[in-house]
Amino acid sequence: MIFIQRSQEPAVLQNKGKAEQQAFCEAYDAGKREFKFDSAIYGNPTVKTALLKMQCDKCCFCESKISHISYGDVEHYRPKGGYKQAEQDELHAPGYYWLPYTWENLLLSCTLCNQQFKKNLFPLLAPQERALNHHDDITLEQPLLINPSATDPRQYIGFRQEIPYAIDGNIYGKATIAVVGLDREALNEKRRSHLALINQLIAVIKLANKQLENTELQSVAAQAKQIIAEAILPTAEYSAMINAQLPALH
Ligand SMILES: [Zn+2]
């Protein structure tokens, strides 16, 4: 998980979303508690394209590349339909019905992070501070799930080799790893093989540093450095993990 710099809001959210959200708020005040959300707005191709570009074609949580395996899910950070504080809880509905088309609430995630893990989970540090309707102030909430477009996850989630962990056992890192399944075995395995490759490249660079006269090796090491330089960029899969190994690169 890495920090995501939010780009400009797609026009459809302003043009159509704002009015719809306003209508939901008015309907709530009139007693309505069930809402139907229009995926043609939040899942509009222009929204998906903007999210894909903003997130360098990667899942906002696990950093897996999305486009070559699926379309990706437009993910509502604060769940629109209903929420759960904990997995075993009953679903509380309505959810954050006043934010379904709010740009700051939208991210793109892979199907697994969204549908198998996060689903409607949105735990808060103090559940009694939860905003229950549009009259409440969401800024009073302290979500346990890190919002990567608001907070740099590096402060909270580190890596021991390929395994993510909560730095100093902090509650935000712990909850985030659990809520989106950041340490699921399939993902650990994918990161493990990626890291093994990077470690081999580091070994080549270290060897080359001891054999400066070996021009062939120097040339291979230069290529290895180039690959590592690209592997730490936001565009690269699992760049948070590779960045966490940076001390080993020096
Ligand atoms: Zn994911």
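Conventions used here
- Residues numbered from 1 in each chain as written.
- Predicted model: local features only at pLDDT ≥ 70, side-chain atom pairs only at ≥ 80, totals over all residues.
- Helix = DSSP H or I, 4+ residues; strand = E, 2+ residues; numbered from the N terminus.
- Expected span 1.5 Å × (residues − 1).
- Buried ≥ 20, exposed ≤ 12 C-beta atoms within 10 Å, placed from the backbone.
- Contact = placed C-beta atoms within 7 Å.
- Domains from an automatic or database assignment.
- Nonpolar A, V, L, I, M, F, W, Y, C, P; charged D, E, K, R; others polar.
- Pairing = 2+ DSSP bridges.
- Axes fitted to C-alpha atoms, helices over the stretch in contact; angles between N-to-C directions.
- Parallel < 35°, antiparallel > 145°, perpendicular 65-115°, else oblique.
- Left-handed = near helix turned anticlockwise from the far one by under 90°.

Which parts of the structure should I look at to understand helix α6 (residues 185-210)?
Think of an α-helix as 3.6 residues a turn; residues three or four steps apart then line up on the same face. Between the first and last C-alpha of α6 there are 37 Å, a value that for 26 residues agrees with the 38 Å anticipated at 1.5 Å per step. Burial in α6 covers these residues: L187, R191 and I198. Contacts from the buried residues of α6 go to α7 (215-231) and α8 (239-244).

Looking at this structure, I do not really get the domain arrangement of the protein. What am I missing?
Many authors give the size of an interface as the accessible area that is lost as the parts come together. What the domain assignment lists for the protein is domain 1 (11-180) and domain 2 (185-249). Using only C-alpha atoms to locate each centre, domain 1 and domain 2 end up separated by 33 Å. Each partner contributes residues to the interface: domain 1 has 13 residues there, and domain 2 has 13 residues. Of the residues in the side of domain 1 that touches domain 2, the class split is five nonpolar, three polar and five charged.

Any chance you could explain the pairing of strand β3 (residues 157-160) here in plain terms?
Regular strands place their side chains on alternate faces of the sheet. With four bridges connecting them, β3 and strand β4 (residues 163-166) associate as antiparallel partners. Across the sheet, I157 pairs through a bridge with A166, a residue of β4. Linkage of β3 to β4, two consecutive antiparallel strands, is achieved through a turn of two residues, within which Q161 is found at a positive phi near 50 degrees.

How should I be thinking about the packing of α6 against α7 in this particular structure?
Two quantities define a packed helix pair, namely the angle between the axes and the distance from one axis to the other. Closest axis-to-axis distance for the α6/α7 pair is 9 Å, and the angle between their directions is 140 degrees. Judged by the inter-axis angle, α6 sits oblique to α7. Both α6 and α7 take part in a crossing whose hand is left-handed. Residue-level contacts link I198, L201, V204, I205, L207 and A208 of α6 to L217, Q218, V220, A221, A224, K225, I227, I228 and A231 of α7. Across the contact of α6 with α7, the residue classes break down as 13 nonpolar, one polar and one charged.

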